[in-house]
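Here is what each chain is made of, one letter per residue.
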Amino acid sequence: MATPGRTGTHPAQVLAVAQLPPEGSQPGPKRARMKFRPVLSFSKEDKIGTIQPHDDALLVTLRIGNYDVKRVMVDGGNAAEVMYPDLYKGLGLKPEDLMPYNFPLMSFDGKLVIPMGMIRVPIQTSPEIVKVNFVVVDTYSPYTAIVDRPWLHTLGAVASSLHQKVKFSSGDQVFEIRGCQPTARMPGMPPESTHPSSTITSNPAITPKKQPPRCLSKEHADAIRDEVAKLKCAGAVKEVFYLEWLANTVVVKKKSGKWREKTVFVTPTGNYHYKVMLFSLKNAGSTYQRMMTRMFEPHLGKSIEIYVDDMVVKSRVVSEHLGDLGNTFGVLRKHKLRLNASKCSFGVGSGKFLGYMVTHRGIEINPDQIKAINNLKPPQNAKEVQKLTGMITALNRFISRSADRCRPFYLLINKWKGFEWSEDCVVAF
């Protein structure tokens, strides 16, 4: 930010003018020229001079209140312009200059922010001057200000973070405000994908759903409270303050005796939503698998095998194992992933993976599965036969000629025949 006449910003580097004459070399009548409206559009040529591909925010330099202000983010997804302390102090504003503004805002780190007030300040984008209501907040931000839909709509502008430009028309000319991509790539500047969106598009014809909080047992309430505390500490959830489209928490006990939360929204201590992807979503598993495949692509099939969130690090000889583990941890640190220590085992010669035993000899059958089949009693009905055939199917790779040997069982579950446990079934069993 600099005072007029002392700024190091060159207007030619910030603002560009494109003259769009109508077709034909001869100027048309005055009335025809007045009807001409330039079209605002972006093409491949607009990407020239930018680094592609990218997810950088669109940062521009604007003349706000007679000052050339840098690091102004253009965000068409919000409905309020925001002014941060650097600009507030630089403009020499005082608390008595502000109008009351009593609506809380959400900061980038998910915390509730109470605004100091609102002030109306002109923004000059030659030759247009637009007066904008800025909400002043006293919180840290890498930006000096954020301009949003009200400014864009009043100016009649179109912004494209992909092309790092803002375009608007005045008369028969199209003006461009170029973004400063190097500034957006400076340390401390979050990528565009991390900027929170303040609105959710929904069908206005659908009535928002509301679920009243359920009465929970003390055991469930304590489990939810402990899990929410851990998720908040890890930064996986944040508190929300709306009442629509919230579901009650459902917890189920895992084999280990711990609790798993199916949905974390309405809790005894507040309402929350996830900041990370949920495994309960329909396509979460495939999305997570693609991510893990990309992360460990150089090591897959060599020193590591991965199926969704199960992974095993393998080595041909003991002396190579520490190096293979180091490579795996390096990838995890790079992408900021964490492991559950209670589910990890290190330096073992064999172990269970996806229901099988993995040893130096290869993949072997799980003794627990053999024990379950040995403890089965002869089936008494077709449903019990289906259970038996399902268990056999899971182990068919370890049973020679399994289809022929188990044929009597498959004949029993034919819907056109009655159930009869014959001598062939006894022999096969």
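Reference entry: report on the structure contained in this document. No experiment lies behind these values; they were computed from the predicted model shown.

Across its full length, the protein chain carries 13 helices and 22 strands. Counting every position in the protein chain, which comprises 429 residues, the buried fraction comes to 31%. Taking as baseline every contact in the protein chain between residues at least 6 positions apart, the subset at least 24 positions apart corresponds to 59%. Looking at the protein chain as shown, the accessible area adds up to about 28,200 Å², and 55% of this sits on carbon and sulfur atoms.

Right, let's talk about helix H7 (residues 284–295) for a bit. Each full turn of the α-helix corresponds to 3.6 residues, which orients residues three or four apart in the same direction. Along its 12 residues, H7 runs 16 Å from first to last C-alpha, staying within 8% of the 16 Å computed at 1.5 Å per residue. Of the surrounding elements, those touching the buried residues of H7 are strand E18 (304–307), strand E19 (310–313) and helix H8 (321–334).

This next bit is on the nonpolar core. Counting residues in hydrophobic clusters, the biggest one holds 30 residues, and the most contacted among them are Leu62, Ile64, Met83, Phe134 and Trp151. Element by element, the count of residues in this core is highest for strand E8 (residues 128–136), at 4 residues. In contact with methionine 83, other than residues within four places in its own chain, are Tyr88, Leu91, Leu93, Ile119, Val121, Phe134, Val135, Val136, Val137, Thr144 and Ala145. Counting residues in each nonpolar core, the second largest holds 12 residues, with Leu59, Met118, Val137 and Ala184 among its members.

When strand E2 (residues 59–64) meets strand E7 (residues 117–125), the two strands line up antiparallel, connected through 2 bridges. Paired with arginine 63 across the two strands is glutamine 124, which belongs to E7. Pairing geometry for E7 and E8, over 9 bridges, is antiparallel. What sits directly across from glycine 117, in E8, is valine 136. Counting the residues between successive antiparallel strands, the hairpin from E7 to E8 contains 2 residues.

The next thing to look at is the pairing of E18. Taking every second residue as pointing to the same face, the buried face of E18 carries Ile304 and Ile306, while none of Glu305 and Tyr307 on the other face is buried. Bridge count for E18 against E19 is 4 bridges, and the pairing is antiparallel. Of the residues in E19, the one forming a bridge with glutamate 305 is valine 312. In this structure, the hairpin formed by E18 and E19 is closed by a connection of 2 residues, where valine 308 is found at a positive phi of approximately 55°.

A separate point is the pattern of salt bridges. Taken as a whole, this structure holds 9 salt bridges when the rule is applied. A salt bridge links arginine 71 to aspartate 86; the shortest N-O distance between them is 3.9 Å. One end of the pair, arginine 71, is in strand E3 (residues 67–74); the other, aspartate 86, is in helix H3 (residues 85–90), with 15 residues separating them in the sequence. Here arginine 71 falls in the partly exposed class, since its relative accessible area comes to 28%.

Cut-offs used in this document
Residues numbered from 1 in each chain as written. Predicted model: local features only at pLDDT ≥ 70, side-chain atom pairs only at ≥ 80, totals over all residues. Heavy atoms only, no water. Helix = DSSP H or I, 4+ residues; strand = E, 2+ residues; numbered from the N terminus. Buried < 20%, exposed > 50% of the residue type's maximum accessible area, 1.4 Å probe, protein only. Contact = heavy atoms within 4.5 Å. Areas by Shrake-Rupley, 256 points an atom, 1.4 Å probe, with all protein chains shown as cover. Expected span 1.5 Å × (residues − 1). Core = buried A, V, L, I, M, F, W, Y, C linked by side-chain atoms within 4.5 Å. Pairing = 2+ DSSP bridges. Salt bridge = Lys/Arg side-chain N within 4 Å of Asp/Glu carboxyl O.

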